[in-house]
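# Remarks on the overall topology
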Amino acid sequence: MILNPFFNSNPSPNPKENPRFTGWSLQDRDPEYIRSLMPFLGWFYDHYFQVQTSGWENLPPQNKMLLVGSHNGGLAAPDMFMGLYAWCRQFGTERLLYGLMHPKVWQVAPEVATSAVRCGAVIAHPRMGMTALRQDATVLVYPGGGEDVFRPHALRNQIHFAGRKGFIKLALREKAPIVPVISSGAHDTLIVLTDIYDWVKQLHQLGMPWLLGLDPEVFPIYLGLPWGLGIGPLPNFPLPAKIRIHICPAIEFERYGRDAANDREYVDICYQQVKTAMQQQLDDLVTQ
């Protein structure tokens, strides 16, 4: 999971340890670097996954918005990368789009983090989301995180945010419309059989060492490349599968501002509104 929830994340990496590409600056996004990746991503988009992206007409006229997605397919998350490619092909690499990325990526895969930052990833922290929106940028977030991207294949057509509501607070506080982005097909690129996180967590509490000293939040068993049968949140290469991505109509709420963001009951109502709308749209997409 490259892009992940905020208001729920672990402490971020220390910028003093690596003065560049820490995810704390909006200035590290590099349109030229993104442009250099477009032919490579385009081959996967057009040929390997044969992606179809629809719903561009649902985007608000302004750039300031919060794209909220549900992603699939393990750490490769092909629907996420293909969605980013589609955005840049539609609008060019200069149009500002930032994605909130979990701090663990810097700890486990610093080279991946460096590349992601140059593509527009920033640390998954409220401050970065607010700063980007205040500069009239689009912000992308996948609230479900690891539990979403590794959810079992039987749950592939269910929106799963793991109860995380930080993205609602951000939208309310910054008066930004939420634009849901759903996808179908990417879960067939990695067949997740089950998640044994609770069992492995119990072993850890009994003194068993945790993977890389981190709590990955999920511990899936899956079928996919290159492992065949994979156990744990390991990197994977996605199987070929047709992917459909749909941009849903924007969602705007009745109340905005700090008071609305601090109202837990209202945040819960808005959260259910977004989740229900996305589930209805996903149900329609998979039956088309």
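Our subject in this report is the structure included herewith. (Residues numbered from 1 in each chain as written. Predicted model: local features only at pLDDT ≥ 70, side-chain atom pairs only at ≥ 80, totals over all residues. Heavy atoms only, no water.)

Once that is clear, we can look at the sheet that holds strand β8 (residues 220-224). Taken together, three strands build an open sheet; the order of strands is β7-β8-β9 and the sheet is antiparallel. Both edges of this open sheet fall to β7 (191-195) and β9 (228-231), since each of them pairs with a single strand only. Along the sheet, successive strands turn relative to each other by an average axial angle of 20°, direction set aside. Alignment of β7 against β8, held across four bridges, turns out to be antiparallel. (Pairing = 2+ DSSP bridges. Helix = DSSP H or I, 4+ residues; strand = E, 2+ residues; numbered from the N terminus. Axes fitted to C-alpha atoms, helices over the stretch in contact; angles between N-to-C directions.)

If you walk through the whole model with that rule in mind, you get nine salt bridges. Notably, a salt bridge pairs Asp268 with Lys165, separated by 2.6 Å at the nearest N-O pair. Here Asp268 is found in helix α10 (residues 264-287), whereas its partner Lys165 is found in the loop between α6 (145-149) and α7 (166-174), with 103 residues between them in sequence. One salt-bridge network, in which partners are shared between bridges, spans Glu32, Arg35 and Glu94. (Salt bridge = Lys/Arg side-chain N within 4 Å of Asp/Glu carboxyl O.)

Turning our eyes to something else, we now look at the sheet that holds strand β3 (residues 97-101). Spatially, the seven strands line up as an open sheet ordered β1-β10-β6-β2-β5-β3-β4, and their pairing is mixed. Looking at strand neighbours, the two that pair on one side only are β1 (52-54) and β4 (121-123), the edges of this open sheet. Neighbouring strand axes in the sheet, compared pairwise and without regard to direction, differ in orientation by 25° on average. Here strand β6 (residues 178-184) pairs with strand β10 (residues 244-247) via four bridges, running antiparallel. The residue bridging Ile182 from the neighbouring strand is His246, located in β10. Running over the sheet, helix α2 (residues 78-91) touches β1, β2 (65-69), β3, β5 (138-141), β6 and β10 and is turned about 60° from β10. (Contact = heavy atoms within 4.5 Å.)

Okay, helix α4 (residues 110-118) next. Along α4, the positions that sit buried rather than exposed are Ala113, Ala116 and Val117. Down the axis of α4, the buried side of the element spans an arc of 100°, and every buried residue falls inside it. Check the buried side of α4 and you find it contacts β3, α3 (104-108) and β4. Count one or two residues on from α4 and you reach Gly120, which has phi positive near 115°. (Buried < 20%, exposed > 50% of the residue type's maximum accessible area, 1.4 Å probe, protein only. Arc of directions from axis to C-beta.)

Most of β3 is tucked away, with five of its five residues classed as buried. By the alternation rule, side chains of β3 split into Leu97, Gly99 and Met101 and Tyr98 and Leu100, which are all buried. Where β3 meets β5, three bridges bridge the pair, whose relative direction is parallel. Across the sheet, residue Leu97 finds its bridge partner in β5, namely Thr138.

A few words on the nonpolar core. By size, the foremost hydrophobic cluster in this structure holds 47 residues, and its most contacted members are Leu66, Phe167, Ile168, Leu172, Ile178, Phe253 and Val274. Top contributing element to this core by residue count: α10, with eight residues. Apart from the residues within four sequence positions on either side, Ile168 is in contact with Ile178, Phe253, Val267, Cys270, Tyr271 and Val274. (Core = buried A, V, L, I, M, F, W, Y, C linked by side-chain atoms within 4.5 Å.)

A cis geometry characterises the amide bond from Leu225 onward to Pro226, with omega recorded as 0°. Within the secondary structure, Pro226 is located in the loop between β8 and β9. Of note in this structure, Gln50 is not a glycine but carries a positive phi near 45°. Summarising the element assignment, Gln50 is placed in the loop between α1 (31-48) and β1. Given the relative accessible area of 40%, Gln50 is considered partly exposed.

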